[in-house]
Amino acid sequence: MSLPDLALRRTSDHLPRPIEDPRDTDLAIAVDQSRPPLPLGAVLLENVERFPHIRVVRDYGVLRQIGRLRHRQYVEGQGKPYASMVLDPNCLIEPGDFSAVNIYATDSRGISCAMRIGAVSDPCNRHAELFLRTAARFDVPVERTLTCTRLVRAPRHSGRHAVDLVRFVRWQAVNAGWRYCIMQTAERLVPFFRKLEFLETGIWADDPAAGRLQVLILDTKSQPVREREVICAR
Amino acid sequence: MLDSDLRESDGLRNLLSCIGEAQERFAELLKSYLLEHPTTVDQYIRYLSFQYHLTKDVQRYFLAIAAHGDLARRRGLRDFLCSFANEEELHYLVAANDLAKLGLRPLPMPFDVELWHTYFSKVVVERPFVRLGAAAILENISDGVAKEWVRKALQGSFLTRDNTKFLVLHQHEALPHGQQILAAIEEAHLEPGHFADLNEGARKGTVLYLRMAEWAIRPHTLSSICDRDTLDLDHCEEERIRTFSMEELGSQAA
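In this report, we go over the structure that sits alongside the text. (Residues numbered from 1 in each chain as written. Chains lettered and ligands numbered in written order. Predicted model: local features only at pLDDT ≥ 70, side-chain atom pairs only at ≥ 80, totals over all residues. Heavy atoms only, no water.)

### What to know about the overall build of chain A
Note the following rule: The helix count covers DSSP runs of H or I at least four residues long, the strand count covers runs of E at least two residues long, and both are numbered beginning at the N terminus. Throughout this description, buried means an accessible area under 20% of the type-specific maximum (1.4 Å probe, protein chains only), exposed means over 50%, and partly exposed covers the range between. The contact criterion used is simple: two residues touch if any of their non-hydrogen atoms lie within 4.5 Å. For accessible areas, the Shrake-Rupley method is used with a probe of radius 1.4 Å. Any residue's cover is judged against the shown protein chains and nothing else.
Looking only at helices and strands, chain A features six helices and eight strands. In chain A, the succession of α and β elements from N to C terminus is β-α-β-α-β-β-α-β-α-β-α-β-β-α. Within chain A, buried positions represent 53% of all 234 residues. Sequence separation of at least 24 residues holds for 76% of the intrachain contacts in chain A that already meet a minimum separation of 6. Of the roughly 11100 Å² that chain A leaves accessible, carbon and sulfur atoms contribute 51%.

### Quick look at the pairing of strand E6 (residues 180-186) of chain A
All names here are of chain A. Convention followed: Should DSSP find at least two bridges between two strands, the strands are regarded as paired. Consider the strands pointing away from the viewer: the crossover is right-handed when the path from the first strand over the helix to the second runs clockwise.
Burial analysis of E6 places six of its seven residues in the buried class, which makes it a mostly covered element. When strand E5 (residues 145-153) meets E6, the two strands line up parallel, connected through two bridges. Pairing of leucine 146 across the sheet is with cysteine 181, part of E6. This β-α-β element, E5 to helix H4 (residues 161-174) to E6, shows right-handed connectivity. Sheet analysis places E6 next to strand E8 (residues 211-219), joined by seven bridges and oriented antiparallel. When the bridges of E8 are listed, methionine 183 appears paired with leucine 216.

### Section: the environment of proline 128 of chain B
Residue and element names in this part refer to chain B. The topology assignment puts proline 128 in helix H7 (residues 128-140). Counting along the chain gives 67 residues from proline 128 to phenylalanine 195, while the straight-line C-alpha distance between them is 11 Å. Apart from residues lying up to four places away in sequence, proline 128 is in contact with Ile65, His68 and Val123.

### Some details on the packing of aromatic side chains
Using the following cut-off: Note on aromatic pairs: the rings of Phe, Tyr and Trp (six-membered ring only in Trp) are paired at centre separations within 6.5 Å, and the planes decide the class, stacked below 30 degrees, edge-to-face beyond 60, tilted for the rest. Whether a charge lies above a ring is judged from NZ of Lys or CZ of Arg, which has to be within 6 Å of the ring centre and within 35 degrees of the ring normal.
Under the criterion given, the structure shown has 15 aromatic pairs over all chains. Ring centres 4.9 Å apart and planes at 85° place the aromatic pair phenylalanine 192 of chain A and phenylalanine 193 of chain A in the edge-to-face group. The interplanar angle of 20° and the centroid separation of 5.3 Å between the aromatic rings of phenylalanine 80 of chain B and phenylalanine 84 of chain B together place this pair among those described as stacked. Taken together, the residues span about one helical turn, with phenylalanine 80 of chain B and phenylalanine 84 of chain B both in helix H4 (residues 75-88) at a distance of four residues. According to the relative accessible area criterion, phenylalanine 80 of chain B is buried, its value standing at 16%. The exposure class assigned to phenylalanine 84 of chain B is buried, which follows from its relative accessible area of 1%. Through successive ring pairs, a cluster of aromatic residues spans Phe26, Tyr44, Tyr47, Phe50, Phe158, Phe166 and Tyr209 of chain B. Against the face of tryptophan 171 of chain A rests arginine 50 of chain A, its NZ or CZ located 3.5 Å from the ring centre. Between arginine 46 of chain B and the ring centre of tryptophan 215 of chain B, over which it is positioned, the NZ or CZ distance is 4.2 Å.

Here you go:
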């Protein structure tokens with residue numbers, strides 16, 4: 001598989017900020033991460049008490065439904081010429097779907113939002129090269145870093161469940177030894193991810209299909225919930 | 001040559017002819033798709049899913065055939081069927097574990113597999129050779145003229161060592177089940193009525209298997225209108241699939 005033509009570029013002259021060391025707060029107890037993280041497939045399991053509306057994809061029929069949402073959002077809605085690897089028309093399913101873990105949120109009408117989570121070093125990740133270079137530049141250990149891709153929402157839904165998907169991943173993954181997330185997103189979505197504690201790296205790439213994408217990093221500081229949620233809980 | 005020998009050789013010849021015809025039809029089906037497209041991952045998921053449902057509890061059929069009174073004086077065939085049941089019993093887990101390596105559970109049972117079990121589980125009790133004829137098809141249909149197309153079908157960038165154990169198991173030359181089953185039939189000195197049932201089962205098995213294969217190759221074939229999205233799989237079965245190891249196949253005789 002050939003890598004997309006992605007350029008690693010900085011948008012400003014400022015030096016990249018190093019990721020800060022973990023800070024403990026009164027209520028946020030950092031998870032001991034001395035051991036290697038568990039595989040994502042073993043980590044991203046349903047947590048019915050904390051996240052009753054979040055599910056993990058295990059059935060091809062559900063993946064196909066998500067693939068249709070993706071096609072509608074990315075290909076039909078945004079005109080991105082992403083290629084699918086399955087016969088189903090109007091359904092975007094890619095090699096990464098079989099090495100990563102797909103999760104989704106539900107409401108009474110079915111799937112509301114979905115997202116794919118993989119190891120940053122997964123060879124099926126189209127942006128692995130860019131992400132690995134970003135990780136190296138910010139001294140982020142690759143073996144503790146995951147990536148979130150293909151965030152979609154049902155057209156009828158506001159998208160608020162996207163926050164729950166990210167919270168779910170953070171809770172499950174940090175408790176299992178993961179710490180960082182590197183991802184890229186369209187510029188208009190950067191404020192959304194900043195609220196979730198992602199930081200801009202100043203690195204962007206021109207994706208042949210998606211256009212300009214900003215690379216963001218989340219350092220959870222080994223805390224399974226956001227600082228803001230900790231403060232609210234005090 | 002005695003009359004009974006002649007009748008027996010005619011019966012076997014008819015069975016071989018059924019197998020040859022099934023291979024030709026299977027080759028045509030695969031060729032109709034593969035000439036212009038490579039195999040896709042969703043076709044592979046459908047293939048493994050129908051194999052999971054088709055081979056689950058397969059030992060019941062072979063032990064039911066072995067239990068029939070007509071095998072009382074055909075102990076060689078009975079022994080073969082008992083060994084075959086033991087060998088095949090866990091293969092459904094191999095298919096399911098290959099799917100688990102793709103992060104998926106099997107699809108729900110396709111309607112054509114439902115038809116297979118509904119028909120053969122009923123007929124096997126009184127007419128066991130009908131089911132044995134179908135087994136002769138299952139074990140041989142990928143051979144002959146179909147072989148090169150099957151080989152072509154089983155290529156894809158999504159195939160890895162971890163998710164192709166079922167294929168490797170069934171294509172391995174150390175496991176020539178197709179020849180073994182025909183040899184066991186040949187040595188059993190069957191009567192014309194048995195051969196008639198074998199041929200009937202071979203033809204009906206061909207129809208149903210080719211429908212399953214078509215369901216896997218063409219996701220929008222008629223049978224797909226009965227498809228459901230999710231399989232109800234209890235936690236124990238899911239754990240059984242997830243923790244399955246190929247070493248379990250080797251320890252079956254213990």
